[in-house]
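The residues making up each chain are set out below.
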Amino acid sequence: MKIEILTIFPDIFSSFLSESLLAKALAKGLLTVDLINIRDFTHDRHRTVDDRPYGGGPGMVIKPEPLSEAIDSRLALGGPKPFIINLTPSGRLLEQVLVGQLAQKERLMLICGRYEGVDQRVLDLYSDMDLSIGDYVLNGGEVPAMVLIEAMARLIPGFLSDSSSVQDDSHSYGLLEHPLYTRPRVFRSLSVPPVLLSGHHAQVAAYRLGEAMAKTRAVRPDLLEKKDVMERTIMFFSQSSSPLKGKDNK
Ligand code: ADE
């Protein structure tokens, strides 16, 4: 997977890309990330990337010329047609199913808006999707781009040493994840639920399904309303490849 990020703050990404699993994935070539500074495509002395909104109103708008030139410079390099995403609080909400679909794309271009947003004409000309990571407003699209990249990278085969942990994540089958425990068996007089020590895979699976349902009902009842959530959950808990079936950490 190839990702190109268009931003006026490329340095925000440096430690994100140079630490931990993402750095390893880049070194292994599982994905590539190119940072493109929109300011490099300005032609005035002040390297201006923004201007006042037509029609009035607060804040500034990203100008169309430098951003479109930045995109054109990448398209001129050839290669597969990129799927171009504009990160904005007024976009489609990112959730796990969409993460999975975007992770299938060969080439993604991420536009990180700042200020009030991006001139609509560039979006009309180039963008395939407006995408939001949640119903709150951040200072720009850089943190949302990192959120999207990390969520997609976890799905790339070889990114995680134990890829079955992805299947078990919250949201992967539509419910929130059940609680997790590790050693010691008793911590500050709190014991690990005995069923998890039983070695009985079917009982462990039933316990975890019950916990996942209870947590989802308490914290995110809206998820239970989704169309195929119960089908996906039953499929997950009955799959022979389910990590719940194969592991015994008595
Ligand atoms: N830019 C600012 N806030 C955002 C959000 N919530 N999602 C995506 N891009 C944004």
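The rules behind the values
Residues numbered from 1 in each chain as written. Predicted model: local features only at pLDDT ≥ 70, side-chain atom pairs only at ≥ 80, totals over all residues. Heavy atoms only, no water. Domains from an automatic or database assignment. Pairing = 2+ DSSP bridges. Helix = DSSP H or I, 4+ residues; strand = E, 2+ residues; numbered from the N terminus. Axes fitted to C-alpha atoms, helices over the stretch in contact; angles between N-to-C directions. Contact = heavy atoms within 4.5 Å. Near = heavy atom within 4 Å. Polar contact = N/O pair within 3.5 Å; in protein donor to acceptor, adjacent residues only side chain to side chain. Areas by Shrake-Rupley, 256 points an atom, 1.4 Å probe, with all protein chains shown as cover. Nonpolar A, V, L, I, M, F, W, Y, C, P; charged D, E, K, R; others polar. Phe/Tyr/Trp six-rings, centres within 6.5 Å; stacked < 30°, edge-to-face > 60°. Buried < 20%, exposed > 50% of the residue type's maximum accessible area, 1.4 Å probe, protein only. Parallel < 35°, antiparallel > 145°, perpendicular 65-115°, else oblique. Left-handed = near helix turned anticlockwise from the far one by under 90°.

Caption draft 1: Region of the structure containing the domain arrangement of the protein. When its domains are assigned, the protein resolves into domain 1 (2-153) and domain 2 (163-240). Look at where the C-alpha atoms of domain 1 and domain 2 centre, and you get two points 35 Å apart.

Caption draft 2: Seen up close, the sheet that holds strand S2 (residues 32-37). Strand order in the open sheet formed by 5 strands is S2-S1-S6-S5-S8, and the pairing between neighbours is parallel. Because the sheet does not close on itself, it has two edges, and the strands there are S2 and strand S8 (129-132). In this sheet, neighbouring strand axes are inclined to one another by 30 degrees on average, regardless of whether the strands run parallel or antiparallel. One ladder, built from 5 bridges, connects strand S1 (residues 2-7) with strand S6 (residues 107-112); its direction is parallel. Residue lysine 2 lies in a different strand from S6, and its bridge partner there is arginine 107. Against the sheet, helix H4 (residues 96-103) makes contact with strand S5 (83-93), S6 and S8, and its axis sits at roughly 170 degrees relative to S5, the strand it touches most.

Caption draft 3: Region of the structure containing the sheet that holds strand S4 (residues 61-62). An order of S3-S4-S7 is seen for the 3 strands of this open sheet, with the pairing classed as mixed. This sheet does not close on itself; its edge strands, each paired only once, are strand S3 (50-51) and strand S7 (117-118). Sheet topology note: the S4/S7 ladder contains 2 bridges and is parallel. Across the sheet, residue valine 61 finds its bridge partner in S7, namely glycine 117.

Caption draft 4: Fine view of the site of the ligand. Around the ligand, the neighbouring residues are Leu87, Thr88, Pro89, Leu131, Ser132, Ile133, Gly134, Tyr136, Val137, Leu138, Gly140 and Pro144. Taking isoleucine 133, its main chain carries an N or O atom lying 3.0 Å from a nitrogen atom of the ligand. In the model, a nitrogen atom of the ligand is placed 3.4 Å from a nitrogen or oxygen of the glycine 140 main chain. Protein contacts shield 97% of the accessible area of the ligand, which totals 260 Å² for the unbound molecule. For the shell around the ligand, the secondary-structure elements that each account for two or more residues are S5 and S8. Of all the elements, S5 adds the most residues to the shell around the ligand, at 3 residues. Within the shell around the ligand, the residues separate by chemical class into 8 nonpolar, 4 polar and no charged.

Caption draft 5: Structural detail: the packing of aromatic side chains. This model, assessed by the stated rule, comprises 1 aromatic pair. Ring centres of tyrosine 173 and phenylalanine 236 lie 4.3 Å apart, and the angle between their planes is 15 degrees; on these two criteria the pair is classed as stacked. One end of the pair, tyrosine 173, is in the loop between helix H7 (164-168) and strand S9 (186-187); the other, phenylalanine 236, is in helix H10 (residues 229-238), and 63 residues separate them in sequence. As far as the burial class goes, tyrosine 173 and phenylalanine 236 line up, both buried.

Caption draft 6: Representation of the packing of helix H8 (residues 201-219) against H10 within the structure. The N-to-C vectors of H8 and H10 enclose an angle of 155 degrees; their axes lie 11 Å apart at closest approach. On the basis of their axis angle, the class for H8 and H10 is roughly antiparallel. Here H8 and H10 pass one another in a crossing that is right-handed. Facing Ala205, Arg208, Leu209 and Met213 of H8, the residues of H10 in contact are Met230, Thr233 and Phe237. Classifying every residue of the contact of H8 with H10 gives 5 nonpolar, 1 polar and 1 charged.

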